[in-house]
Amino acid sequence: MSNPIPSRKEVIEDIKNRGELVAAVLPIHYSRALLRCFSIYPVEVWGPPKVDVSLGGAHLQPYVCSIVHNALSFLKMGGLNAADFILIPHTCDSLQGLTSVLIDLIKPEQAIIPLYLPRGQREEDIIFLADEFRSLYTRLSELTGKKPSSKDLLAAIKREETSDLLLAKLYKTRQQMGLSNLDFYRLVRSREYLPAEHFSTLAEETLQTSTQPRPGIPIILSGIVPEPMEVLNKIDEMNGQVVADDLACCGRRLYKPGISPEPFRRMAERIISAPPDPTRGNPIEERVKYLVEMAQNSGAQGIIFYEVKFCEPELFDLPNLRNSLKEHGLASIIIEVDINNPLPHQVATRISAFLEMLDS
Amino acid sequence: MGITDSLKYYWNVKVVGQPFLHWQRRQAERRPKVSSRWRSDILSPPLRIGAKTKELISRHYLEGRYANGHRPVAWVTSGGPVEILQALGFYVLYPENHGALCGVRKAVVEIYGEAENAGYSTDICSYARTDIGSMLSGKTPVGRLPKPDLLLACTNICQTVLHWYRVLAKHFEVPLILIDTPFVYTKASDHALEYVKKQLENSIPIAEQVAGRTLDYRRLKEIIHLSKDATELWLEIIGRGRHHPAPMSVFDQFIHMAPIVEMRGKKETVDFYAALLKELDENIDKGIGAVRNERKRLLWDNLPIWYRLRYFAENLGEHGICVVASTYTNAWAELAPLMNLEKPLDSMANTYMHPILNQGTKYKLDTMKRMVEEFQLDGVILHSDRSCKPYSIGQIDQRNLLIQEYGIPALLLEADHDDPRAYSEEQVASRLASFVEMLDD
């Protein structure tokens, strides 16, 4: 990569210096285009890792996952002060609880904007999600005083679609790019906070750079988020190569372009047709099929389920997924982490043993 | 449906089982026995209706045992819109109720162990683990559970049920109806209500196909009527807790709520609650309270700790404390006014969108405050339930607000509704003792 990737902090400062608005967005699915039409820049909050959790612990029980704990702690310590709004998609019971506690009991300065995501992939789910986006449009209009036209909305959607197509291209050519695991995920995860046009430029530059492919034991990484990111370094050190992923922050958001010319429906179509995701209620069979095809296409020999502790949507599917993958000759391992802790040595040892097993 | 299975059903259920259970109940009513372990010094004798509760529950599971092949079977989440299935003649099983029953019978550890051995994490809901363990091993204290022909998951209690029912759907290879009910942070939007109604409409042809018959809307209305009647009676029963002394504690309510959860829409359920109400009124007239020498009255928030009901009743009863009301048992009552017979699907959509678990933390806090006032309570026990995040998240702030804003003593107890490994009796006893002392100050 010729240009360094700016950090979240730098991007936020740049947006604020231009006098524009920032929305802190919690995981997982939402429409970036809808926010951008109102000149609101989404900056995603996946935790972040390694914050003082005692602040969140004053409101949440210890059996709530570290992503939610950390998000609340980060908010309480002023980490989201630059955000004008906080958008929280209804991803799971814990994020639902956090949203409700914020709206009703903690009441931070920023407006809390919930977004309900349907759990099916039926026509009624698309209609409902399109209505949710319409409702969000109304709320954002009230908050900003702006009323973007359908043309503005479609232009914003197409800009995001272009960016997502480039993201998909990065995924497709990742094995030829010669990036380390850490560098690849730094790049693709910058989609979490870079404006689409900025990300597109970065992606195009990277795609034009030709380097030598990196050898390594090919694996798939599945889960919510690869935090702490040291795990990617460790996989590099152990000669592992993440050739594809089923991560909520990355591969599960490879949204295809929508079909409908009507902007709200098109936004909904993009999310509903995204790769299978337990938080959107996809059946286990769809996930098995998707992962098997992913392994076949990428040449992966095994799958690391890298899970955040207490994440029920992930945990329920694991026994069936692992059994079915085994029937297809794919080995797997479950690693559970608290994103607030440094990567435990035990985790590194288990990954190392898994890679050795695949190599042999 | 097969003739042999139907004959088996009639013989085992109608000819042998039901008459036996009826006889057993009559015996228990004629010669009521109180266990030698019952703390008669602090608690009034158990309610007479207990024999009928036992008969109803046993009969329900007996019918289930022989249902396969005789009538269609559906497994449904506890907040699921059951009326359509009842009207189509389904035998309806609630895995959560089965989980609770396993908890009360102290059978959970062995059963959920089967799920854990199969790879299910100890961090997933203990009801789900118990159900999956039972599904994988066939183990259950009720003899045998029928296999489902249809699954129905309604997300109005949690998202967990969706993941859980996806596991069931894969195992049993049967259709899964999803009724997704958007969470009500402040007010239900029109498009959310329309979405739920649409899903209810779309569920009908699927259920009809499995049942092999067409939905009779007149029958659906009758069932909604019965459902509403039973729910209204349950609301009245809970309301009797306003009397001093309270004629029934929540530990009784937890047991006697089984029919309102799994037998809504049946005439016998309406009769059952009418009889319970009558008994409570008799006790009120005689001045009989659930706890002898009732001195203090409390509210219980969240699910029960199924495997320690008696412990809590006795421990608190010893200090003259009766836990009179609960946001949990109230959840099965408070929706009665929303049911409208003239618009069955609209009314079902509205009703099933609004259980306490599908509403924001402020609604729950307001409910607690209202119940404390209405029932003249001295404090609140909030069970922080490791297995139920939707109910539990927010309780830390709710407890603080109850104490600081409203001057209501409140205690947060860490446990799990069905997993005794997440429960420490020593810790609970010590926290209860401090709380009781504080109530007396």
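Above this text is the structure in question.
Structural notes, computed from the coordinates. (Residues numbered from 1 in each chain as written. Chains lettered and ligands numbered in written order. Predicted model: local features only at pLDDT ≥ 70, side-chain atom pairs only at ≥ 80, totals over all residues. Heavy atoms only, no water.)

## A short note on the interface of chain A and chain B
It is common to report an interface's size as the accessible area lost on association of the parts.
Reasoning step 1: Contacts between the two partners involve 48 residues from chain A and, on the opposite side, 51 residues from chain B.
Reasoning step 2: With both sides pooled, the region where chain A packs onto chain B buries about 4,300 Å², and carbon together with sulfur makes up 61% of that total.
Reasoning step 3: Ranking the residues of chain A by area buried against chain B places Tyr63, Leu105 and Phe316 of chain A at the top, with a combined share of 18%.
Reasoning step 4: Summed over the shared surface of chain A and chain B, the result is one salt bridge.
Reasoning step 5: The shortest N-O distance in the salt bridge between Lys309 of chain A and Asp123 of chain B comes to 2.6 Å.
Reasoning step 6: In this structure, the connection of chain A to chain B is made through 24 residue pairs in polar contact (both at pLDDT 80 or more).
Reasoning step 7: With 11 residues, the single largest contributor to the side of chain A that touches chain B is helix α5 (residues 93-106) of chain A.
Reasoning step 8: Residues that form the side of chain A that touches chain B fall into these classes: 21 nonpolar, 15 polar and 12 charged. (Contact = heavy atoms within 4.5 Å. Buried area = accessible area lost by both parts, 1.4 Å probe. Salt bridge = Lys/Arg side-chain N within 4 Å of Asp/Glu carboxyl O. Polar contact = N/O pair within 3.5 Å; in protein donor to acceptor, adjacent residues only side chain to side chain. Helix = DSSP H or I, 4+ residues; strand = E, 2+ residues; numbered from the N terminus. Nonpolar A, V, L, I, M, F, W, Y, C, P; charged D, E, K, R; others polar.)

## Remarks on a positive patch on the surface
Reasoning step 1: Taken together, Lys8, Arg65, Arg144 and Lys147 of chain B make up a surface patch of like positive charges.
Reasoning step 2: Along the chain, the position of Lys147 of chain B falls in the loop between α6 (126-137) and β3 (150-154). (Patch = residues over 30% accessible without salt bridge, like charges linked within 9 Å, V, L, I, M, F, W, Y side chains within 5 Å. Areas by Shrake-Rupley, 256 points an atom, 1.4 Å probe, with all protein chains shown as cover. Lys, Arg positive; Asp, Glu negative; His and termini not counted. Charge placed at Lys NZ, Arg CZ, Asp CG, Glu CD.)

## Quick look at the nonpolar core
One recurring pattern in soluble globular proteins is that nonpolar side chains are buried together.
Reasoning step 1: Of all hydrophobic cores here, the largest spans 246 residues; its most connected members are Tyr185 and Ile304 of chain A together with Trp234 and Phe312 of chain B.
Reasoning step 2: Top element by residues in this core is helix α9 (residues 217-239) of chain B. It accounts for nine residues.
Reasoning step 3: By size, the runner-up hydrophobic cluster in this structure holds 33 residues, among which are Cys37, Phe38, Tyr255 and Ile272 of chain A. (Core = buried A, V, L, I, M, F, W, Y, C linked by side-chain atoms within 4.5 Å. Buried < 20%, exposed > 50% of the residue type's maximum accessible area, 1.4 Å probe, protein only.)

## Points about the sheet that holds strand β8 (residues 410-415) of chain B
Residue and element names in this part refer to chain B.
Reasoning step 1: Judged by pairing direction, the sheet is parallel, and its four strands sit side by side in the order β6-β5-β7-β8 without closing on themselves. Bordering the open sheet on either side are β6 (321-326) and β8, each of which pairs with just one other strand. On average, each strand axis in the sheet is inclined to that of its neighbour by 30 degrees, with strand direction left out of account.
Reasoning step 2: Where strand β5 (residues 296-301) lies against β6, five bridges are found, and the strand directions are parallel. Considered in β6, the bridge of Lys296 is made with Ile321.
Reasoning step 3: Against the sheet, helix α13 (residues 309-317) contacts β5, β6, β7 (379-385) and β8, and its axis sits at roughly 130 degrees relative to β6.
Reasoning step 4: Sheet strands in contact with helix α16 (residues 361-374) are β5, β6 and β7, and its direction is about 160 degrees off that of β5. (Pairing = 2+ DSSP bridges. Axes fitted to C-alpha atoms, helices over the stretch in contact; angles between N-to-C directions.)

## Things to note about the environment of Val243 of chain A
All names here are of chain A.
Reasoning step 1: Within the secondary structure, Val243 is located in strand β6 (residues 240-247).
Reasoning step 2: Val243 gets classed as buried once you look at its relative accessible area, which sits at 5%.
Reasoning step 3: Separated by 171 residues in the primary sequence, Val243 and Leu72 have C-alpha atoms spaced 33 Å apart.
Reasoning step 4: Look past the residues within four positions of Val243 in its chain and what remains in contact with it is Arg174, Gln175, Pro218, Ile219, Ser298 and Ala300.

## Overview of the pairing of strand β4 (residues 176-179) of chain B
If a strand is regular, its side chains alternate between the two faces of the sheet.
Residues and elements named next belong to chain B.
Reasoning step 1: Here β4 shows a buried face lined by Leu176 and Leu178 and a second buried face lined by Ile177 and Ile179.
Reasoning step 2: Sheet topology note: the β3/β4 ladder contains four bridges and is parallel. Paired with Leu151 across the bridge in β4 is Leu176.
Reasoning step 3: One crossover worth recording links β3 to the parallel β4 by way of helix α7 (residues 160-172), and it is right-handed. (Right-handed = clockwise from strand over helix to strand, strands pointing away.)

## Focus on the side chain of Asp93 of chain A
Reasoning step 1: Topologically, Asp93 of chain A is positioned in helix α5.
Reasoning step 2: For the buried Asp93 of chain A, no salt bridge exists, and the shortest N-O distance to an oppositely charged side chain is 6.6 Å, to Arg119 of chain A.
Reasoning step 3: Separated by 2.9 Å, the side chain of Asp93 of chain A and the backbone nitrogen of Gln159 of chain B make a polar contact.
Reasoning step 4: Each residue touching Asp93 of chain A, except ones within four places of it in the same chain, is listed here: Cys158, Gln159, Thr160, Lys389, Pro390 and Ile393 of chain B.

## Re the packing of aromatic side chains
Reasoning step 1: Evaluation of the coordinates by the stated rule reveals 23 aromatic pairs over all chains.
Reasoning step 2: Ring geometry for Phe254 of chain B against Tyr328 of chain B: centres 6.3 Å apart, planes inclined by 55 degrees, an arrangement best described as tilted. Here Tyr328 of chain B lies in helix α14 (residues 327-331) and Phe254 of chain B lies in helix α10 (residues 250-256), a separation of 74 residues in the sequence. No difference in accessibility class separates Phe254 of chain B from Tyr328 of chain B, as the two residues are buried.
Reasoning step 3: Each member of the aromatic cluster is reached from another via a ring pair, and the members are Phe251, Phe254, Trp300, Trp306, Tyr311, Phe312, Tyr328 and Tyr391 of chain B.
Reasoning step 4: Positioned above the aromatic ring of Tyr41 of chain A is the side chain of Arg18 of chain A, whose terminal nitrogen or guanidinium carbon lies 5.1 Å from the ring centre.
Reasoning step 5: Arg144 of chain B extends its terminal NZ or CZ atom over the ring of Tyr66 of chain B, reaching a point 5.8 Å from the ring centre. (Phe/Tyr/Trp six-rings, centres within 6.5 Å; stacked < 30°, edge-to-face > 60°. Lys NZ or Arg CZ within 6 Å of the ring centre and 35° of its normal.)

## Some details on the pattern of salt bridges
Reasoning step 1: Scanning all chains against the criterion turns up 66 salt bridges over all chains.
Reasoning step 2: In this structure, the salt-bridge partner of Arg191 of chain A is Glu160 of chain A, at a minimum N-O distance of 2.7 Å. One end of the pair, Arg191 of chain A, is in the loop between α9 (181-189) and α10 (196-208); the other, Glu160 of chain A, is in helix α7 (residues 150-172), with 31 residues separating them in the sequence.
Reasoning step 3: We note a salt bridge from Glu374 of chain B to Arg242 of chain B, for which the minimum N-O separation is 2.7 Å. Taken together, the residues span a long stretch of sequence, with Glu374 of chain B in helix α16 and Arg242 of chain B in the loop between α9 and α10 at a distance of 132 residues.
Reasoning step 4: Exposure remark for Glu374 of chain B: the relative accessible area of 32% places this residue in the partly exposed category.

## Here we look at the sheet that holds strand β3 (residues 85-90) of chain A
Residue and element names in this part refer to chain A.
Reasoning step 1: Taken in spatial order, the four strands line up as β2-β1-β3-β4 in an open sheet, and their pairing is parallel. Every interior strand has two partners, whereas the edge strands, β2 (40-44) and β4 (111-116), have only one. Ignoring which end each strand starts from, the neighbouring axes of this sheet average 30 degrees apart.
Reasoning step 2: Bridge analysis of strand β1 (residues 21-25) against β2 gives five bridges, and the strand direction is parallel. By the bridge assignment for β2, Val22 is matched with Tyr41.
Reasoning step 3: Lying over the sheet, helix α6 (residues 123-144) contacts β1, β2, β3 and β4, oriented at roughly 165 degrees with respect to β4.

## With respect to unusual backbone geometry
Reasoning step 1: Pro228 of chain A follows Glu227 of chain A through a cis peptide bond whose omega is -10 degrees.
Reasoning step 2: Looking at where Pro228 of chain A falls in the secondary structure, it is placed in the loop between β5 (217-223) and α11 (230-237).
Reasoning step 3: The omega torsion of the bond from His244 of chain B to Pro245 of chain B falls at -5 degrees, within 30 degrees of zero and hence cis.
Reasoning step 4: Looking at where Pro245 of chain B falls in the secondary structure, it is placed in the loop between α9 and α10.
Reasoning step 5: Residue Asn302 of chain B is not a glycine yet carries a positive backbone phi of 90 degrees.
Reasoning step 6: Mapping Asn302 of chain B onto the fold places it in the loop between β5 and α13.
Reasoning step 7: By relative accessible area, Asn302 of chain B is classed as buried at 0%.
Reasoning step 8: Its identity as a non-glycine residue notwithstanding, Gln376 of chain B has a phi of 50 degrees, on the positive side.
Reasoning step 9: You can see Gln376 of chain B is positioned in the loop between α16 and β7.
Reasoning step 10: Accessibility expressed as a relative area gives 49% for Gln376 of chain B, which makes it partly exposed.

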